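Notes for the structure review
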Number of protein chains: 2
Amino acid sequence: MRPLAHPALDDITLTGILHALSDETRVAIFVGIAGSAYSQRCAAFTTVSEKTVPKSTLSQHFKALREAGLIRSERQGVEMLNTSRCAEVETRFPGLIPAIIGAYLAKAKQR
Amino acid sequence: MRPLAHPALDDITLTGILHALSDETRVAIFVGIAGSAYSQRCAAFTTVSEKTVPKSTLSQHFKALREAGLIRSERQGVEMLNTSRCAEVETRFPGLIPAIIGAYLAKAKQR
DNA sequence: TCAATAGTTCTAGAGTTCCGAACTATCAAA
DNA sequence: TTTGATAGTTCGGAACTCTAGAACTATTGA
């Protein structure tokens, strides 16, 4: 297993963020992490929006979020703890993440 | 040639928008259209960010933006006139498009 | 009718994504 | 110190998507 890759703040791109969040499952995971006061284990998202996500797929989704610069993952014993990088991203793209989370939550509420 | 498909406002999705704008060329085209007071022809974007875009690719990009609900395209004689649907999208996802355009322009300015 | 211009569609190759199977890493109990 | 359990990663093939050249359609003006 290679060490986990987290891009530097300057290497985070707008299109990278939009691509990472352009997937229903991934945006749901990200909102879940960003909205929690605590770090979240990957396994906390084995079901997302009432759908079961296979663990290999889940691992790929976390990798995508990590490489886009949206989350930071650290191994803690047998599990991975994931936290959002919202505060950092906010300094680079002010207002972007709140707008996306807001749009996600507003849509979720509608149904 | 089939008639052009424009989704109804209610059928516009967050992930659809993020996917459409997760491509460097497409986000540049969209910001160009959204930032202009006038309708833009497709051919106005044969070069985007100093890169030549083949016309079949350009046509696909416009289709993607159209199907995401971000632009409206109307044939005017021999050409297509494209306008943004920002105002409509704003009513569905308030603040989202301005945040993305803002992030795009801020990043462009940096270099 | 013909030619020119603007976009679209077709299609093949390149690249990406999904997910089951096999793997690795960590820890705790025997 | 093996063994087992749990958590996550990597591999590989099938399905899907994207790019761009070639051929096509639509409109207009000569």
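These lines cover the structure that appears in this document, whether it is placed above or below. (Residues numbered from 1 in each chain as written. Chains lettered and ligands numbered in written order. Predicted model: local features only at pLDDT ≥ 70, side-chain atom pairs only at ≥ 80, totals over all residues. Heavy atoms only, no water.)

Now for the environment of C86 of chain B. Residue and element names in this part refer to chain B. Along the chain, the position of C86 falls in helix α4 (residues 86-92). As a C-alpha pair, C86 and P98 span 12 residues in sequence and 8.6 Å in three-dimensional space. Apart from the residues lying within four places of it in its own chain, the contact partners of C86 are F30, A34 and I97. (Helix = DSSP H or I, 4+ residues; strand = E, 2+ residues; numbered from the N terminus. Contact = heavy atoms within 4.5 Å.)

What follows deals with the packing of aromatic side chains. Residues and elements named next belong to chain A. Using the criterion set out here, one finds two aromatic pairs over all chains in the structure. Taking the centre distance of 6.1 Å and the plane angle of 55 degrees together, the rings of F45 and F62 count as tilted. On the criterion of sequence distance, the pair formed by F45 in the loop between β1 (40-41) and β2 (47-48) and F62 in helix α3 (residues 55-67) is long-range, its members being 17 residues apart. For F62, a relative accessible area of 1% gives the class buried. (Phe/Tyr/Trp six-rings, centres within 6.5 Å; stacked < 30°, edge-to-face > 60°. Buried < 20%, exposed > 50% of the residue type's maximum accessible area, 1.4 Å probe, protein only.)

As a further point, take the side chain of H61 of chain A. Residues and elements named next belong to chain A. If you trace the backbone, H61 turns up in helix α3. A residue is classified by how much of its surface remains accessible, and H61, at 10% relative accessible area, is buried. Contacts of H61, omitting those with residues within four sequence positions, involve D23, T25, R26, I29 and V53.

Moving on to the environment of E90 of chain B. Residues and elements named next belong to chain B. Its place among the elements puts E90 in helix α4. Given the relative accessible area of 29%, E90 is considered partly exposed. Among all residues touching E90, those that are not within four sequence positions of it are G95 and P98. At 3.0 Å, the side chain of E90 and the backbone nitrogen of G95 are in polar contact. (Polar contact = N/O pair within 3.5 Å; in protein donor to acceptor, adjacent residues only side chain to side chain.)

A separate point is the relation of the copies chain A and chain B. In summary, the two copies of the chain are related to each other by a rotation about an axis coupled with a shift along it. Superposing chain A onto chain B takes a rotation of 180 degrees plus a shift of 0.0 Å along the axis, which leaves an RMSD of 0.0 Å. Such a turn and shift between the copies fits a two-fold axis. Of every C-alpha in chain A, the one belonging to L18 of chain A sits nearest the axis of rotation, 2.6 Å from it. Counting the interface residues of chain A, we find that 100% of their copies in chain B are interface residues as well, pointing to one common contact surface. (Least-squares fit on C-alpha atoms with pLDDT ≥ 70 in both.)

On to the protein's contact with DNA strand D, then. Taken together, 23 residues surround DNA strand D, and among them A43, K55, S59 and V78 of chain A together with T57 of chain B come closest. Near-protein atoms of DNA strand D (within 4 Å) split between backbone and bases, with sugar and phosphate holding 61%. With respect to DNA strand D, the backbone of V78 of chain A contributes an N or O atom lying 3.0 Å from a sugar or linking oxygen. The backbone of M80 of chain A places a nitrogen or oxygen atom 3.1 Å from a phosphate oxygen of DNA strand D. (Near = heavy atom within 4 Å.)

What follows covers the interface of chain A and chain B. Every contact between the two is made by 19 residues of chain A and, on the other side, 19 residues of chain B. At the boundary of chain A with chain B, total buried surface from both sides reaches about 1600 Å², with 73% on carbon and sulfur atoms. At the junction of chain A with chain B, the criterion picks out zero salt bridges. Where chain A touches chain B, the interface holds two residue pairs in polar contact (both at pLDDT 80 or more). Of all elements in the fold, only α1 (14-20), α2 (24-34) and α5 (96-110) of chain A reach the threshold of two or more residues within the side of chain A that touches chain B. No other element matches the seven residues that α5 of chain A contributes to the side of chain A that touches chain B. (Buried area = accessible area lost by both parts, 1.4 Å probe. Salt bridge = Lys/Arg side-chain N within 4 Å of Asp/Glu carboxyl O.)

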